[in-house]
Amino acid sequence: IVWTQDEGWHDAEILPFGPISMNPASSVLHYGQEIFEGLKAYRRADGSIVTFRAEENARRLNDSARRMALPELPVELFVESVRKLVEIDAEWVPSGDDQTLYIRPFMIADESFLGVRAAQRARFLIIASPSGAYFTGGVKPVSIWLSQGLSRAGQGGTGAAKCGGNYAASLLPQNQAAENGCQQVLFTDSNTVDTIDELGGMNLFLVRSDNTLVTPELNGNILPGITRKSLIQLAQDRGYSVEERAVTVSEWREGVADGSITEAFACGTAAVITPIGQLKSPDFTIDFGDNAPGELTLSLREELTGIQYGTREDRHGWLEVIVPA
Ligand code: PMP
């Protein structure tokens, strides 16, 4: 679907997957005016297909759009586009644990114009692909690398937007994580290298022994994860208190040392909930527990996936049935 300053959103089309043509002067190719979303369709045991909180993705896309001077898309148009795609691709929605159809809506500035100003033409597209587990090897604790000197976002920047540029900035640190035997990179405030923002594609939670969960507050540098928001709700439903505030690596290290922090996990649409077993940096390595997933980590994961795959009651109305059983 195309947007122009004069006509708004128009010309919605459904096409077979394939190359798209672009003018080499298209603004997105030069100034990176691009935003995206990620969500999944799940096949439940009875064969029905559902999506999870798609309106949240629609709203976040619009938050990203405002920051990136792109046009907003009516929430219902986003949700309807997702619905249509899932209906058409229903046979591609796999079944089984961790199997989903991953859906990637995105918007690009597409005015052919060399000059630094917001484009007057944009396109919104959605593609999808069957996908399996984000980390191989089951629910096994991962090692994360503390990025030093390289940030994905800074104060006043685009950290809270889901724009391609944030991910471009995260690739070199992600490579460094891999070179150091880690599966993910942890970003902190670039000044202190202590206040935790998030991981390359996930938000972070620490679990305290006093039944409190702690997670970095939405400080403008981190993506407001929909999994994060859902887990805050599920944890509160169970009577846990959740603190959204500044969290530091020092606090994490000290808490592990004195036993007051018992678990750490990362969460996101792709990674679901992944336990963290080790934090590495050039200066130190911290191992958490016996390298086994924490109890609350596993049980929140079980509850969230249970809701998504239909084995647990959807008491907050997070699912939309797209293809009935
Ligand atoms: N932070 C970043 C940088 C991400 O890319 C993602 C994945 N979208 C998340 C957090 C988690 O967000 P969500 O739970 O909405 O997938």
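Residues numbered from 1 in each chain as written. Predicted model: local features only at pLDDT ≥ 70, side-chain atom pairs only at ≥ 80, totals over all residues.

### Quick word on the overall build of the chain
Part 1 of the reasoning: Check the secondary structure of the chain and you find 7 helices and 17 strands.
Part 2 of the reasoning: If you line up the chain on its principal axes, its C-alpha atoms span 60 × 50 × 30 Å.
Part 3 of the reasoning: Out of the 325 residues in the chain, the part that is buried amounts to 39%.
Part 4 of the reasoning: In the chain, of all internal contacts separated by at least 6 residues, the share reaching a separation of at least 24 is 70%. (Helix = DSSP H or I, 4+ residues; strand = E, 2+ residues; numbered from the N terminus. Buried ≥ 20, exposed ≤ 12 C-beta atoms within 10 Å, placed from the backbone. Contact = placed C-beta atoms within 7 Å.)

### Quick notes on the UniProt feature "modified residue: N6-(pyridoxal phosphate)lysine" (unreviewed entry) in the chain
Part 1 of the reasoning: Using the residue numbers shown here, the UniProt feature "modified residue: N6-(pyridoxal phosphate)lysine" (unreviewed entry) corresponds to K162.
Part 2 of the reasoning: Those residues within four positions of K162 in sequence are excluded, and the remaining contacts are I35, F36, E37, R60, S64 and L223. (UniProt positions renumbered as here; feature names shortened; annotations may be inferred.)

### Looking at the pairing of strand β7 (residues 121-131)
Part 1 of the reasoning: In this sheet, β7 lies alongside strand β1 (residues 2-4) in antiparallel orientation, the contact comprising 3 bridges. By the bridge assignment, T4 is partnered in β7 with R121.
Part 2 of the reasoning: Summarising the sheet, strand β6 (residues 100-109) and β7 pair through 10 bridges and their orientation is antiparallel. Counterpart to F106 in the pairing with β7 is L125. (Pairing = 2+ DSSP bridges.)

### Examining the domain arrangement of the chain
Part 1 of the reasoning: Under the domain assignment, the chain is made up of domain 1 (2-131) and domain 2 (142-293).
Part 2 of the reasoning: Summarising the inter-unit geometry, the C-alpha centres of domain 1 and domain 2 are found 27 Å apart.
Part 3 of the reasoning: Opposite the 16 residues of domain 1 that make contact, domain 2 presents 10 residues.
Part 4 of the reasoning: A per-element tally of the side of domain 1 that touches domain 2 places helix α2 (residues 54-67) first, with 6 residues.
Part 5 of the reasoning: Looking at the side of domain 1 that touches domain 2 residue by residue, the class counts come to 4 nonpolar, 4 polar and 8 charged. (Domains from an automatic or database assignment. Nonpolar A, V, L, I, M, F, W, Y, C, P; charged D, E, K, R; others polar.)

### Points about the site of the ligand
Part 1 of the reasoning: Around the ligand sit G38, E198, G201, M202, N203, L223, G225, I226, T227, R228, G268 and T269, and those are all the residues in its vicinity.
Part 2 of the reasoning: In terms of residue count, helix α5 (residues 226-237) provides more of the shell around the ligand than any other element does, 3 residues in total.
Part 3 of the reasoning: Considered class by class, the residues forming the shell around the ligand number 3 nonpolar, 7 polar and 2 charged. (Near = placed C-beta within 6 Å.)

### Here we look at the nonpolar core
Part 1 of the reasoning: Core analysis: the largest hydrophobic core is formed by 36 residues, its most contacted members being I144, L186, F205, L206, A266 and C267.
Part 2 of the reasoning: The biggest single contributor to this core is strand β14 (residues 261-268), with 5 residues.
Part 3 of the reasoning: Residues contacting F205, with those up to four places away along its chain left out, are L213, V214, T215, L231, F265 and C267.
Part 4 of the reasoning: Counting 34 residues, the second-largest nonpolar core is a separate cluster that includes A41, M107, A109 and A122. (Core = buried A, V, L, I, M, F, W, Y, C linked by C-beta atoms within 7 Å.)

### Observations regarding the pairing of β14
Consecutive residues of a regular strand have side chains that alternate between opposite faces of the sheet.
Part 1 of the reasoning: Here β14 lies mainly inside the structure; 7 of its 8 residues are buried.
Part 2 of the reasoning: Across 6 bridges, the pairing between strand β11 (residues 203-208) and β14 is antiparallel. Residue pairing in the sheet places N203 in a bridge with C267 of β14.
Part 3 of the reasoning: Sheet analysis places β14 next to strand β15 (residues 272-280), joined by 4 bridges and oriented antiparallel. Counterpart to A266 in the pairing with β15 is T274.
Part 4 of the reasoning: The antiparallel pairing of β14 with β15 creates a hairpin that spans 3 residues between the two strands.

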